[in-house]
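If you want the building blocks of each chain, they are given just below.
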Amino acid sequence: MTISPTAVVSPKATIGKNVIIGDFTVILDNVIIGDNVTIQSHCLIGQQTPLADGKPLVIGNDSLIRSHSIFYEGSQFGEELITGHRVTVREKIEAGKNLMIGTLCDLQGHTKIGNYVRCHSSVHIGQKATIGDFVWIFPYTVLTNDPHPPSNFLVGAKVENYAVIAAQCCILPGVTVGEKALVGAGSLVRQDVAPETFVAGVPAKYIGKASDIKLKDGSNKSAYPWMRHFHRGYPQEVIDEWMKIYDK
Amino acid sequence: MTISPTAVVSPKATIGKNVIIGDFTVILDNVIIGDNVTIQSHCLIGQQTPLADGKPLVIGNDSLIRSHSIFYEGSQFGEELITGHRVTVREKIEAGKNLMIGTLCDLQGHTKIGNYVRCHSSVHIGQKATIGDFVWIFPYTVLTNDPHPPSNFLVGAKVENYAVIAAQCCILPGVTVGEKALVGAGSLVRQDVAPETFVAGVPAKYIGKASDIKLKDGSNKSAYPWMRHFHRGYPQEVIDEWMKIYDK
Amino acid sequence: MTISPTAVVSPKATIGKNVIIGDFTVILDNVIIGDNVTIQSHCLIGQQTPLADGKPLVIGNDSLIRSHSIFYEGSQFGEELITGHRVTVREKIEAGKNLMIGTLCDLQGHTKIGNYVRCHSSVHIGQKATIGDFVWIFPYTVLTNDPHPPSNFLVGAKVENYAVIAAQCCILPGVTVGEKALVGAGSLVRQDVAPETFVAGVPAKYIGKASDIKLKDGSNKSAYPWMRHFHRGYPQEVIDEWMKIYDK
């Protein structure tokens, strides 16, 4: 365990083996950190809130939390969580393994997130969102939750497995982005997006099948589903499964 | 007074009763903090700038500034200011009571803000904006101020009482969003928005009366003006006034 | 040299004359900081990454890095770099002199940036971007790089000299914004923008010549190229050159 002498770590926190804690990071009481976790400098981990109902923050083994990040108590992350810098993560998130949360992301809590999800920088996930496995969300995209703000009637967005939402999109409350669908950059999505389709625009409209989009690398292969060609950062057994389907 | 031993607090700062200051927070000289104020960790309070003309930062009683926030000298906030994390607040803002500034908001200064205003996360308020009372602004919305950037001719946006601007909108310079109006998500607002109307789109166009929008909770009541149904966080005497008007 | 007693500065870092380092700032090993540089509080400077190939972070003379900022090793900045607060700057950026990076900007690295470039707040610059001299980019604008995300085929955006991109734009991969062009607020730019033109919309379309836009200060002069009327912050010899061209 390598804890910076300038870090402030509560003796009540549960901290695993081989944990590294950076300069000026604060770890509060209600925190359970797994083995081989690195938390960089200037973080605030385990911020208290009555909305957590006393539940701890749980960070899985082999995770990396980059500097200036804030995590509240009451959320739970599987192994290999990786964050960018200055992420803000509220209570009551249940996330699977190998979630990546990019720099400046703002996760408002009360959200269910599957395995191997990637949020690029500056993604805002409103409360009550539901995100499947292997989802990609790109910068400045917002998942909203209030059909007539402000109100007490919140209905989260849903993003299904393998779906991709490009940069600067706004997903309106209650919308489902279907499995393996693609939402083009800058779209305002008011209606459900059917699986394996490509939508774009303000408001977003059906453009075609996602698989009709060709890779621009000269190969003329389909760019979607992206698992056909993009494997970086996934475990070999996952890639092997994809290859059985797509490499025929 | 509970000041973390790791905080750096200028002896020249004026600090009220029952103030809590978190770890690694820096309080500079030209700051007046009221009673019962909490400033969480990693903040920088009272950052100097010649643009403040020597005026102090004034934080009203019963305020909460969450972690990693930055306030410049030269702005003044009424009681019950509440911020999210990592807000950036420049000089020459005059704000009324119970302003809420969400996580990652960027207030550029030289702005007048009324009472009970709520900015959700990641709101950018350009200089020279004027914001009334009980206004709501949602994530990734920008109030701009330069009609032909870059220039020295800045003209702020104006948002009148009880108006609501949904997520990811851009309000162009000099535009007025009228009282009790609603701007739909993802709108680019080039022209003034009449009071009590609903506009949306790129560019934003008149859609109808705001009061024609119905609550989606099954009640079939009007969703706007929102004071009809949304009362969370407002004082009882304010709610009582609203009820006199709307609960007939 | 004025280094806060609470800062953590590696003895391996190379630090120039008259450098000021603020409270709770961390300076790591592989950093070369010029003379007369101020680095405010809560920064992380020289964050390690294998992607830097061992190259140092170089900060030119007379620079100002505001609080809560993060710089990785492996990037190089000319003299008079000025940042806002909480900027995030990754590796392999080569920038000229007097770059301004606004609060909350996210520079993803692997980017070439000319002289006198201004990024306002919350600008996201994806990898492989190329930015000329005297460029302006306004809040919440994104330069993307992946034509079919996620993929390994990245193609950066290019912004030529004196071009202006207004707030909340999305520049799609491989697009060139031509010299002295203007992209209006809220635009989604899918195609190259010809020099000296004005485009706007979703998707962006040709509106007219940039020089047809008149200043709204009552003078009825052309607002573009902006060097006709906007000189704040540029050196006199640069302004003199502009005046030779435009002040006839």
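Look up a bit, the structure's there.
Rules of the game
- Residues numbered from 1 in each chain as written.
- Chains lettered and ligands numbered in written order.
- Predicted model: local features only at pLDDT ≥ 70, side-chain atom pairs only at ≥ 80, totals over all residues.
- Heavy atoms only, no water.
- Pairing = 2+ DSSP bridges.
- Helix = DSSP H or I, 4+ residues; strand = E, 2+ residues; numbered from the N terminus.
- Least-squares fit on C-alpha atoms with pLDDT ≥ 70 in both.
- Phe/Tyr/Trp six-rings, centres within 6.5 Å; stacked < 30°, edge-to-face > 60°.
- Buried < 20%, exposed > 50% of the residue type's maximum accessible area, 1.4 Å probe, protein only.
- Lys NZ or Arg CZ within 6 Å of the ring centre and 35° of its normal.
- Disulfide = S-S within 2.5 Å.
- Contact = heavy atoms within 4.5 Å.
- Buried area = accessible area lost by both parts, 1.4 Å probe.
- Salt bridge = Lys/Arg side-chain N within 4 Å of Asp/Glu carboxyl O.

Right, let's get into the pairing of strand β31 (residues 205-209) of chain B. In this sheet, β31 of chain B lies alongside strand β30 (residues 197-200) of chain B in antiparallel orientation, the contact comprising 4 bridges. Within β31 of chain B, the position partnered with Val-199 of chain B by the bridge is Tyr-206 of chain B.

Let us now look at the relation of the copies chain C and chain B. Expressed as a screw operation, the relation of chain C to chain B combines 0.0 Å of axial shift with a rotation of 120 degrees, fitting to an RMSD of 0.0 Å. These values place the two chain copies in the arrangement generated by a three-fold rotation axis.

Throughout the structure, instances matching the rule amount to 48 aromatic pairs over all chains. With a centroid separation of 5.4 Å and an interplanar angle of 70 degrees, the aromatic rings of Phe-134 of chain A and Trp-242 of chain A are classed as edge-to-face. Highlighted residues: Phe-134 of chain A in the loop between β21 (130-131) and β22 (136-137) and Trp-242 of chain A in helix α1 (residues 236-246), separated in sequence by 108 residues. When its relative accessible area of 9% is taken as the criterion, Phe-134 of chain A is described as buried. Every member of this aromatic cluster is reached through a ring pair, and the members are Tyr-116, Phe-134, Trp-136, Phe-138, Tyr-162, Trp-226, Phe-230, Tyr-234 and Trp-242 of chain A. Lying across the ring of Tyr-72 of chain B, Arg-90 of chain B places its NZ or CZ 3.9 Å from the centre.

The final tally for this structure, using the stated rule, is 0 disulfides over all chains. Cys-119 of chain B forms no disulfide, and the closest cysteine sulfur to it belongs to Cys-105 of chain B, at a distance of 5.2 Å. Between Cys-43 of chain C, a cysteine without a disulfide, and Cys-105 of chain C, which holds the nearest cysteine sulfur, the sulfur-to-sulfur distance is 14 Å.

Turning our eyes to something else, we now look at the interface of chain A and chain B. Listed as interface residues are 38 residues of chain A and, on the opposing side, 36 residues of chain B. Buried area between chain A and chain B, summed over both chains or domains, comes out near 2,700 Å², and the portion from carbon and sulfur atoms is 64%. When the buried area of chain A at its contact with chain B is split by residue, His-148, Pro-149 and Pro-150 of chain A rank highest and sum to 23% of it. The interface formed by chain A and chain B holds 0 salt bridges in total.

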